[in-house]
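# Chain and residue survey
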Amino acid sequence: MANLASLPHISVGGAVSTATHGSGDHNGNLACAVRSIDLMLSTGEIVSFDRSHPHFDGVVVGLGALGVGLSLHTEPTFDVAQTVHIGLPLQVGLEHFDAIMGSAYSVSWFTRWCDGLVDQVWTKAVVQPVSVRDRLSVGLDLSDLGAAPAGVPVHPVSGADSQACNEQLGVPGPWHERLPHFGLPHTPDSGDELQAELFVDRAVVVDAVRSLAAVGSFIAPALLVSEVRTIAADRLWLSPAFERDVVGFHFTWRSDWALVRLALAAVETALAPSELLPRWAKVTGLAAADVRGRFPGFERFLGLLDVYDPERVFPNPFFDRLVTGSTSRV
Ligand SMILES: Cc1cc2nc3c(=O)[nH]c(=O)nc-3n(C[C@H](O)[C@H](O)[C@H](O)COP(=O)(O)OP(=O)(O)OC[C@H]3O[C@@H](n4cnc5c(N)ncnc54)[C@H](O)[C@@H]3O)c2cc1C
């Protein structure tokens, strides 16, 4: 695959259906790999879509409301080396945001939005085949920007066991053992958490980061760690990166809804001027009607349901709340 999420434990169907993503200036979300879909309707009839079908971009990210069978675009295999740098000053990171995020195939920041620091910068560089490596190489050394290379493997969550992570320290390995942060035999992330993610247009990333840093101390009691990633634009109607490059601000929260509810409201308010979009499959404090209104393709997607599932056999409770809810949370 061209890219993967932070964990390998998810299914292809679930990842595609919710527009799951990794990071990388030139990497779209994982659903962009879909070449064709055979949709089994509730009648048992199978309808096939390839990329030339006018509804293809609508049915791929389907939130489970349509049903799937997928054929994926694959890449010739490639090797990746991941390196972590510690303690990048946030202000320096902002001044060099494009250079840093473009410095490797996939780049992630981990931060707690306090101390004026990006705690960790994870870079995943293609090392083989050489042709791809050379094409992507821009030669930025994060040490020149004030960050220090980690001398031992690290975990994004402070105090958690780095054994759960795929190999670091620049040791090359196959794409599927480097693009996810966490290894298949291990528990990903903290293992007991709530997750949220908000996307903004890449053009407003500086304002968005400053806004989050401003609420850093308020959200600290609820936050385990936050991850910043870039996702390339796509054409999928329900993708948060529909027709624009975006930056995703992910939050791994403690498993304490009372605390998280307040923190979530703070980050959603902080990012409101940036016209944020919430990530499917993660928690949001936004009301259903508000979420619907933020996805320009949502009304068109409902039209697909009328065509392919008029009896509404497939939608799940989340989807029902999303479609019918007004001011209540999704
Ligand atoms: C620790 C952790 C780390 C994560 N890291 C990332 C990350 O790095 N990037 C990111 O974008 N997300 C991330 N996520 C979110 C994750 O990608 C989504 O929750 C994803 O949907 C999980 O896939 P799943 O296979 O478990 O899906 P499920 O939860 O099983 O399914 C999600 C939805 O997809 C639909 N669906 C699933 N399979 C099918 C099918 N075969 N046909 C039709 N519909 C189907 C269903 O409606 C279902 O409700 C993370 C989640 C966790 C817990």
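About the thresholds
- Residues numbered from 1 in each chain as written.
- Predicted model: local features only at pLDDT ≥ 70, side-chain atom pairs only at ≥ 80, totals over all residues.
- Heavy atoms only, no water.
- Helix = DSSP H or I, 4+ residues; strand = E, 2+ residues; numbered from the N terminus.
- Rg over C-alpha atoms; globule rule 2.2 N^0.38 Å.
- Buried < 20%, exposed > 50% of the residue type's maximum accessible area, 1.4 Å probe, protein only.
- Contact = heavy atoms within 4.5 Å.
- Areas by Shrake-Rupley, 256 points an atom, 1.4 Å probe, with all protein chains shown as cover.
- Near = heavy atom within 4 Å.
- Polar contact = N/O pair within 3.5 Å; in protein donor to acceptor, adjacent residues only side chain to side chain.
- Nonpolar A, V, L, I, M, F, W, Y, C, P; charged D, E, K, R; others polar.
- Core = buried A, V, L, I, M, F, W, Y, C linked by side-chain atoms within 4.5 Å.
- Pairing = 2+ DSSP bridges.
- Axes fitted to C-alpha atoms, helices over the stretch in contact; angles between N-to-C directions.
- Parallel < 35°, antiparallel > 145°, perpendicular 65-115°, else oblique.
- Left-handed = near helix turned anticlockwise from the far one by under 90°.
- Phe/Tyr/Trp six-rings, centres within 6.5 Å; stacked < 30°, edge-to-face > 60°.
- Arc of directions from axis to C-beta.
- Salt bridge = Lys/Arg side-chain N within 4 Å of Asp/Glu carboxyl O.

## Things to note about the overall build of the protein chain
Across its full length, the protein chain carries 11 helices and 12 strands. Rg of the C-alpha trace for the protein chain: 20 Å, near the compact-globule value of 20 Å for 330 residues, within the 12% margin. In terms of overall dimensions, the protein chain has C-alpha extents of about 60 × 45 × 35 Å along its principal axes. Per-residue burial over the protein chain gives 50% buried out of 330 residues. Long-range pairs, those at least 24 residues apart, make up 71% of the contacts in the protein chain between residues at least 6 apart in sequence. Accessible surface, the protein chain as shown: approximately 14,000 Å² in total, 54% of it carbon and sulfur.

## Considerations on the site of the ligand
Around the ligand, the surrounding shell holds 23 residues, and the nearest of these are S6, S11, H21, R229 and R279. In this structure, an oxygen atom belonging to the ligand sits 3.5 Å away from a main-chain N or O atom of L63. Between R279 and the ligand, the recorded distance is 2.9 Å, taken from a side-chain N or O atom to a nitrogen atom. Mapped onto the shell around the ligand, the elements with two or more residues apiece are α1 (12–17) and β9 (193–201). A breakdown of the residues in the shell around the ligand according to their chemical character gives 7 nonpolar, 11 polar and 5 charged.

## Re the side chain of N166
Secondary-structure assignment places N166 in the loop between β7 (148–149) and β8 (173–174). There is a polar contact of 3.4 Å between the side chain of N166 and the backbone oxygen of E177. At 2.8 Å, the side chain of N166 forms a polar contact with the backbone oxygen of P180. Look past the residues within four positions of N166 in its chain and what remains in contact with it is Q82, E177, R178, P180, H181, F182 and G183.

## Side note on the nonpolar core
Formed by 78 residues in total, the largest nonpolar core has its most connected members in I219, F249, F251 and W253. The contact partners of F249, leaving out residues within four places of it in the chain, are W113, A196, E197, L198, V200, V205, A208, V209, L212, E227, V228 and L271. Judged by nonpolar contacts, the second largest core, of 10 residues, contains F110, W122, V154 and V157.

## Remarks on the sheet that holds strand β3 (residues 70–72)
One open sheet holds the 3 strands; their spatial order is β2-β1-β3, and the pairing between them is antiparallel. Two strands in the sheet have a free side with no partner beyond their single neighbour: β2 (46–50) and β3. The sheet shows a mean angle of 10° between the axes of neighbouring strands, taken without regard to direction. Summarising the sheet, strand β1 (residues 34–40) and β2 pair through 5 bridges and their orientation is antiparallel. Bridge assignment links M40 to a residue of β2, and that residue is I46.

## A short note on the packing of helix α10 (residues 298–308) against helix α11 (residues 317–324)
Axis separation between α10 and α11 bottoms out at 12 Å; the angle between their running directions is 120°. Regarding the angle of α10 to α11, the classification is oblique. For the crossing formed where α10 meets α11, the hand is left-handed. On the side of α10, the interface is formed by F298, F301, L302 and L305, while α11 contributes F319, L322 and V323. Each residue belonging to the contact of α10 with α11 can be placed in one class, and the counts come to 7 nonpolar, no polar and no charged.

## Let's talk about the packing of aromatic side chains
Within this structure, the stated rule accounts for 11 aromatic pairs. Here the aromatic cluster, defined as three or more aromatic residues joined through ring pairs, consists of F78, Y105 and W175.

## Describing α10
The complete set of buried residues in α10 reads F298, F301, L302, L304, L305 and Y308. Viewed end-on, α10 has its buried residues packed into an arc of 150°, placing them on one side of the element. The inward-facing, buried residues of α10 abut β1, β2, α2 (56–59), α9 (288–294) and α11.

## Things to note about the pattern of salt bridges
Summed over the entire model, instances satisfying the criterion amount to 14 salt bridges. Note that D25 is salt-bridged to R202, the shortest N-O span being 2.8 Å. Of this pair, D25 sits in the loop between α1 and β1 while R202 sits in the loop between β9 and α6 (205–214), and the two are 177 residues apart along the sequence. Take D25 and R202: they sit in the same class, and that class is buried. The residue R312 makes a salt bridge to D306 at a minimum N-O spacing of 2.9 Å. On the basis of relative accessibility, which here comes to 37%, the residue R312 falls in the partly exposed class.

On their own, these measurements won't tell you what the molecule is for.
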